[in-house]
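# Coordinate analysis (summary)
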Number of protein chains: 2
Amino acid sequence: MPSMESNTDTQQRILDSARELIYARSYADVGVAAICEHAGVKKGSFYHFFPSKRDLTLSMLDAVYADLKETLVMKAFAEDIPPLARLDRFGQLAAEFQQQMHQSTGVVLGCPFGNLSNELATQDETIRIRIEQIFTNLQVVIRKVLREAVDEGEIKNLNIEATAQAMLAYFEGVMLLAKSQNNTKILSQLMPAMSQIRINTI
Amino acid sequence: MPSMESNTDTQQRILDSARELIYARSYADVGVAAICEHAGVKKGSFYHFFPSKRDLTLSMLDAVYADLKETLVMKAFAEDIPPLARLDRFGQLAAEFQQQMHQSTGVVLGCPFGNLSNELATQDETIRIRIEQIFTNLQVVIRKVLREAVDEGEIKNLNIEATAQAMLAYFEGVMLLAKSQNNTKILSQLMPAMSQIRINTI
DNA sequence: ATTATAGTTGACCGGTCGGTAAAGTCAACT
DNA sequence: AGTTGACTTTACCGACCGGTCAACTATAAT
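Values in this document were obtained by computation on a predicted structure and should not be read as measured data.

### Focus: the overall build of chain A
A count of helical and extended segments in chain A gives 9 helices and 0 strands. Overall size of chain A, expressed as C-alpha extent along the three principal axes, is 65 × 35 × 30 Å. Scored against the burial criterion, the 202 residues of chain A give a buried share of 52%. Per element, the accessible surface of chain A, about 9,400 Å² overall, is 51% carbon and sulfur.

### Comments concerning the packing of aromatic side chains
Going through the model one piece at a time under the given rule, you end up with 8 aromatic pairs over all chains. A ring pair is formed by F46 of chain A and Y47 of chain A, whose centres lie 4.9 Å apart and whose planes are at 65°; its orientation type is edge-to-face. Overall, F46 of chain A belongs to the buried group, its relative accessible area being 0%. Residue classification places Y47 of chain A among the partly exposed positions, given a relative accessible area of 41%. Ring centres of F77 of chain B and F90 of chain B lie 5.5 Å apart, and the angle between their planes is 40°; this geometry places the pair in the tilted category. With F77 of chain B in the loop between α4 (53-76) and α5 (83-105) and F90 of chain B in helix α5, this pair connects stretches of sequence that are 13 residues apart. Accessibility classification places F77 of chain B together with F90 of chain B in one group, the buried group.

### Overview of the relation of the copies chain B and chain A
Rotating chain B by 180° and moving it 0.0 Å along the rotation axis overlays it on chain A with an RMSD of 0.0 Å. Interpreted geometrically, this transformation is the action of a two-fold axis. Rotation axis and chain B: the residue whose C-alpha lies nearest the axis is G173 of chain B, separated from it by 1.9 Å. Taken as a fraction of all interface residues of chain B, those also at the interface in chain A reach 100%, which identifies the copy contact as same-surface.

### So, the confidence of the model for chain A
A residue-level look at chain A finds 96% of positions with pLDDT of 70 or above and a mean pLDDT of 95. Residue range residues 1-6 of chain A is modelled with pLDDT below 50. Its contacts to residues more than four positions away, or to other chains, number 0 contacts.

### A look at helix α7 (residues 125-151) of chain B
In a regular helix each residue adds 1.5 Å, so 27 residues correspond to 39 Å; α7 of chain B covers 38 Å between its end C-alpha atoms and thus fits that length. Residues of α7 of chain B that are buried make contact with α8 (160-181) of chain A together with α4, α5, α6 (112-120) and α8 (160-181) of chain B. Where α7 of chain B begins, the side chain of D124 of chain B points an oxygen toward the backbone nitrogen of T126 of chain B, at a separation of 3.1 Å. Looking one or two residues beyond α7 of chain B, the residue adopting positive phi is G153 of chain B, at roughly 80°.

### As for the domain arrangement of chain A
All names here are of chain A. Domain boundaries assigned for chain A yield domain 1 (1-50) and domain 2 (54-196). Once you take the C-alpha centre of each, domain 1 and domain 2 turn out to be 27 Å apart. Listed per partner, the contact involves 13 residues of domain 1 and 19 residues of domain 2. Together, the buried faces of domain 1 and domain 2 total about 1,300 Å²; carbon and sulfur atoms form 72% of this surface. When the buried surface of domain 1 facing domain 2 is broken down by residue, R19, Y23 and Y27 rank first, second and third, together holding 59% of it. Summed over the shared surface of domain 1 and domain 2, the result is 1 salt bridge. A salt bridge links R19 to D67, with the nearest nitrogen and oxygen atoms 2.9 Å apart. If you look at where domain 1 meets domain 2, you find 5 residue pairs in polar contact (both at pLDDT 80 or more). With 7 residues, helix α1 (residues 9-24) is the largest single contributor of residues to the side of domain 1 that touches domain 2.

### Focus on the interface of chain B and chain A
One widely used convention gives an interface's size as the accessible area the parts lose upon coming together. Across the boundary between the two partners, chain B contributes 42 residues, which contact 42 residues of chain A. Contact with chain A buries surface across chain B, with N118, T122 and L176 of chain B losing the most and accounting together for 18% of the total. Taken together, the connections running from chain B to chain A amount to 14 residue pairs in polar contact (both at pLDDT 80 or more). When contributions to the side of chain B that touches chain A are tallied by element, the ones reaching two or more residues are α6, α7, α8 and α9 (185-190) of chain B. Classifying every residue of the side of chain B that touches chain A by side-chain character gives 20 nonpolar, 15 polar and 7 charged.

### Quick notes on the nonpolar core
Core analysis: the biggest nonpolar cluster contains 138 residues, and F113, L146 and Y170 of chain A together with F113, L146 and Y170 of chain B have the highest contact counts within it. Here Y170 of chain B is in contact with A166, Y170, I197 and I199 of chain A together with L190, M191, A193, M194 and I197 of chain B, once residues within four sequence places are set aside.

### Points about the environment of I134 of chain A
All names here are of chain A. By the secondary structure assignment, I134 is in helix α7 (residues 125-151). Judged by its relative accessible area of 3%, I134 is buried. Separated by 55 residues in sequence, I134 and Q189 place their C-alpha atoms 26 Å apart. When neighbours within four sequence positions are excluded, I134 is seen to be in contact with L61, Y65 and F113.

### Considerations on helix α5 (residues 83-105) of chain A
Helical geometry: 3.6 residues make up each α-helical turn, so side chains three or four residues apart lie on a common side. Residue and element names in this part refer to chain A. Along its 23 residues, α5 runs 33 Å from first to last C-alpha, staying within 8% of the 33 Å computed at 1.5 Å per residue. All of the buried residues in α5 are P83, L84, R86, L87, R89, F90, G91, A94, A95, Q98 and M101. Residues of α5 that are buried in the fold lie against α1, α4 (53-76), α7, α8 and α9 (185-190).

What counts, and at which threshold
Residues numbered from 1 in each chain as written. Chains lettered and ligands numbered in written order. Predicted model: local features only at pLDDT ≥ 70, side-chain atom pairs only at ≥ 80, totals over all residues. Heavy atoms only, no water. Helix = DSSP H or I, 4+ residues; strand = E, 2+ residues; numbered from the N terminus. Buried < 20%, exposed > 50% of the residue type's maximum accessible area, 1.4 Å probe, protein only. Areas by Shrake-Rupley, 256 points an atom, 1.4 Å probe, with all protein chains shown as cover. Phe/Tyr/Trp six-rings, centres within 6.5 Å; stacked < 30°, edge-to-face > 60°. Least-squares fit on C-alpha atoms with pLDDT ≥ 70 in both. Contact = heavy atoms within 4.5 Å. pLDDT = per-residue confidence, 0-100. Expected span 1.5 Å × (residues − 1). Polar contact = N/O pair within 3.5 Å; in protein donor to acceptor, adjacent residues only side chain to side chain. Domains from an automatic or database assignment. Buried area = accessible area lost by both parts, 1.4 Å probe. Salt bridge = Lys/Arg side-chain N within 4 Å of Asp/Glu carboxyl O. Nonpolar A, V, L, I, M, F, W, Y, C, P; charged D, E, K, R; others polar. Core = buried A, V, L, I, M, F, W, Y, C linked by side-chain atoms within 4.5 Å.

Laid out in structure tokens, this is it:
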């Protein structure tokens with residue numbers, strides 16, 4: 001007598017398990033069987049909902065970004081403080097999240113998008129493009145806050161597009177370094193410098 | 001009739017093949033068999049020289065760093081120009097190398113250490129530590145140049161250790177972003193900002 | 001010439017990989 | 001009651017994974 005109490009929360013459990021396992025390890029190290037076992041689902045069900053491991057990964061990326069947007073981004077970029085202070089708050093919240101994950105897992109996990117990009121960007125163009133789009137979306141958020149800072153006269157002669165890219169790059173780099181050192185202290189030490197980066201016009 | 005013309009250039013060919021293949025793809029995607037085939041070596045010979053794939057990877061990391069030091073670092077940080085200009089030269093040379101690899105392989109490969117760190121840091125502590133050491137060595141080089149700039153009065157009130165870490169983080173982040181976009185243009189656009197990063201004391 | 005050693009070869013191992021197929025089970029609709 | 005279709009279960013597939021082993025060959029020292 002199979003459970004079948006739930007219509008599509010099986011799909012959700014697969015998504016959640018993939019997210020948790022792949023984030024903690026890597027795409028290649030986490031097999032479909034491991035995802036199914038963690039989700040309490042048989043492999044046949046997996047392939048009923050997802051045509052392939054790659055498709056699951058694409059859906060997972062969308063889900064992680066949707067979650068990031070809802071929780072981290074919306075909270076950090078709320079307009080209750082000055083524009084550049086929102087960038088600092090974004091860095092702080094990200095650092096706090098990494099510290100929590102470090103406490104519960106014993107390792108610094110870094111950025112889920114940066115991790116997958118470095119592992120798969122040269123192997124799977126579709127996944128690479130999905131990650132690229134996510135990074136672009138984040139840059140748009142940063143650009144908006146920079147434009148606001150420029151309009152308020154807080155900064156002058158700023159190349160907004162380049163600076164947004166540079167800030168995101170710095171953010172990803174700090175995450176990567178923290179992961180390579182398995183150390184979250186450098187997050188709180190280095191993150192505040194993100195909002196100070198400037199690439200000027202002329 | 002086996003060749004056996006060479007004593008230990010078999011070992012070198014294995015090292016070179018691993019380096020080329022893993023850099024272009026990933027640790028997990030490149031099997032021992034693929035490395036052997038590329039090196040023109042049988043699997044048994046592989047395990048005569050290396051006890052495991054992991055050990056090969058550790059040796060490979062050392063070889064890549066030794067090469068980086070000999071070519072890129074020594075050239076970039078030669079003392080024929082002012083200290084901060086050497087950082088810019090390092091960024092330029094790295095960008096040029098990425099452009100060459102992009103032309104020959106069709107994809108932006110990024111930093112070999114950053115790639116492996118993001119893929120394996122949570123799975124293999126030994127490899128993680130080796131990469132951490134390499135990053136520390138690079139920071140030492142950057143610190144030296146920053147100390148020189150401070151001594152010459154080019155900068156004041158600088159937190160040298162934190163700034164060196166921030167510059168390396170920025171460098172790695174720019175590499176990661178370029179790889180995720182499969183685009184080398186952002187390298188030349190963003191790299192010059194590396195030498196402008198400052199984390200001050202007080 | 002014999003022996004010791006380093007290096008090579010090819011066949012092989014159990015385990016796991018992503019993915020498939022068919023039978024079975026449930027809920028909803030007719 | 002019978003049918004449909006979504007979902008689950010079980011068993012299975014060929015390919016490949018990292019790694020092993022014993023036999024073999026070349027080289028150099030004795």
